[in-house]
Structure formats: C-alpha cells, structure tokens
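Given next are the chains, with one letter for each unit.
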Number of protein chains: 2
Amino acid sequence: MATIYHQVGIKAPINDVYNAIATTEGVTGWWTKTSGNPETGGDLEFSFDGHLVKVKVTANTPGKYIEWTVGGNEGEWLNTRICFELDEQEHQVMVNFEHADWRQATQMLAHCSTKWAVFLLSLKDYLETGIGKPFPHDIHINHTVFN
Amino acid sequence: MATIYHQVGIKAPINDVYNAIATTEGVTGWWTKTSGNPETGGDLEFSFDGHLVKVKVTANTPGKYIEWTVGGNEGEWLNTRICFELDEQEHQVMVNFEHADWRQATQMLAHCSTKWAVFLLSLKDYLETGIGKPFPHDIHINHTVFN
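Counting restarts for each chain, with residues numbered from 1 along the sequence as it is written. Chains carry letters and ligands carry numbers; both start at the beginning, A for chains and 1 for ligands, and go up in the order they are written. Where totals are concerned, whole chains, interfaces and linings use all residues; where local detail is concerned, this predicted model gives features only for residues with pLDDT of at least 70, and gives and counts side-chain atom pairs only at 80 or more. Side-chain numbers here rest on the full set of heavy atoms in the structure, without hydrogens or water.

### Considerations on the relation of the copies chain A and chain B
Step number 1: When the copies are overlaid, the least-squares fit takes in C-alpha atoms only where the residue has pLDDT of at least 70 in both copies. Once turned by 180° and shifted 0.0 Å along the axis, chain A lies on chain B with an RMSD of 0.0 Å. The transformation relating the two chain copies, once decomposed into turn and shift, fits a two-fold axis. Distance from the rotation axis, computed per C-alpha, reaches its smallest value in chain A at A:A117: 3.2 Å.
Step number 2: A contact between two residues is defined here by any heavy atoms of the two lying within 4.5 Å. A shared binding surface is used by both copies, with 100% of the interface residues of chain A retained as interface residues in chain B.

Structure follows, in structure tokens:
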C-alpha cells in the first residue's frame, strides 16, 4: 500500500474550510464540477471533461474530517480513500490530506501527488482570495493530455 | 518507512534539465542557494536563511539520475534520500522525484510533500521560462514561519 500526503494552512474560519470540502458548491470551486450527496453514506460525482470519478462519502464529521472512498471504474484509484482532516490553529486551519490505500507506488501515484498539491493550493486560494483554479483552469504539471 | 513521490513533465532539452539539478547554479535557480561539489561522492549545502541542509551526492549519472543523501543535523530528514530520475519522452522530459526513507509519515512529511511540489513546479518554470521561484521567493503553503 502507498499513500500521498499533503498539508496546507488556510487563513479562513474553520466552518468555511469545512464547507469548501463538504459541499458540492465548495468542491466545484477548487477541484472540479461536483454533484451528488455529500452526507455520510452519500454518493458524489466529480466531472473531468465528461469523465466521472465516483466516490462514496465514508466519513463526514462537521469541522473535523471528510473521507471519500473511490468506486466506479477507476483503475488505480479504485478503493483508494481521499481524506481531509481539519486542525484549527491560532492563525489558520491546517488541512491534513491523505490519498490512501494505493495498491502500488506507480508513476500515476507520483503524477496525482503533484496534482493534489496544485488543487490543495487552489483550495487555499479559493478560501483566501475567493478565486480557486478548479479543472480545467488548473496549473498543468506536464505536456501530455493528462496534465 | 515512507516516501514522497512527485512527477513533472518539462519541455526542455534533457541536458538542460540534468544541469538544473546537477549543478549548484542550476539548483540555486529553483530550490535555494546551493554550494559545494555536485559530483558523485561530493558534499552539497543548501542554504535557507542561514540554516544549512547538508547532503552527500550518492548518485550522479549524467542525463539519468541524481541522488542526494541527507546528513548534517537534520532531524526527520537525516539519512533520507532525495532522488531525481529523468525520462526523455517525445515532447518533454519527465522528472520522477522521490524523497525516500522517511522513518515515519509525520505532519513534517506532509508539509514537505506539498512544498516539494511547489519547488518542482519552480524547476519547471525555471527551465521553460527562465525564471524559477527559489527560496525565499517560493509559494507559501501555510501561515507559520516555516511556510
């Protein structure tokens, strides 16, 4: 098993950080167009130019922790868990991120690791400036179609 | 043991990508002020506002692979390996990055994972536009002193 780890510190009320991850409108503002039910046990769909990533919300504790478990037809992402833990500090909210339970540490994992950093900085911008860089306005990290 | 993985694709001649990682002038352009001997077996120092990260160059294969092993007094970084593998493709050079052999997956690892993504995108900019964002001009990922 292999895991991607990231951490960003965001200067925003913890409730705003939580809502940016726990609502479809929020996630649409920094990752990609999102629909579905973000409550625990609900199903969410993330749309990338017609390709849908489907997850089940396997944990949603307000102000604390959100976890999505990937389903659908997702190849290397299948059954991986995408986790956001929030830690309120004096001057910021730390977002401790994991994309866990990859079966192997592949080049796809390395690609997604860099890309998650890009999107977590988009989450930070979305909350601190009001403007994120969700797909397809995200920063490109290579020169292939899958960038 | 835990490992940070990243991958960026850079549109530049492979020799330029290699030199950006294998020379002190190169690393100074995208990570931080670097001095020392970048040949295999040499010692390098990376300066962050007076704090020096000291490494030994444990591999340097031109156009292929560079590895630094962290020494000095580096706490969680001690004995970790920072590795850059270059893969020349038709339209770009893929840089497969690992920061390997962390003893534990701590919050420091998560912080450094996000920060390495920032610096690898700085490497990409340095090679594609001529202007990187080395320390202290790097993108900040939180609101502490160690950002």
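Having put the structure on the table, let's press on.
### Observations concerning the pattern of salt bridges
Residue and element names in this part refer to chain A.
Step number 1: Salt-bridge detection follows one rule: a side-chain nitrogen of Lys or Arg within 4 Å of a carboxyl oxygen of Asp or Glu. Taken as a whole and judged by the stated rule, the model has 12 salt bridges over all chains.
Step number 2: For K56, the salt bridge identified is with D43, shortest N-O distance 3.1 Å. Of this pair, K56 sits in strand 4 (residues 51–61) while D43 sits in strand 3 (residues 43–48), and the two are 13 residues apart along the sequence.
Step number 3: The partner of K54 in a salt bridge is E45, and the shortest N-O contact between them spans 3.7 Å.
Step number 4: A network of salt bridges, in which partner residues are shared, links E67, R81 and D101. A run of H or I in DSSP counts as a helix once it spans at least four residues, and a run of E counts as a strand once it spans at least two, with each numbered from the N terminus.

### What to know about the side chain of B:T3
Step number 1: Looking at the element boundaries, B:T3 is found in strand 1 (residues 2–10).
Step number 2: Filtering out sequence-adjacent residues up to four positions away, B:T3 remains in contact with A:T3, B:E98, B:H99, B:A100 and B:D101.

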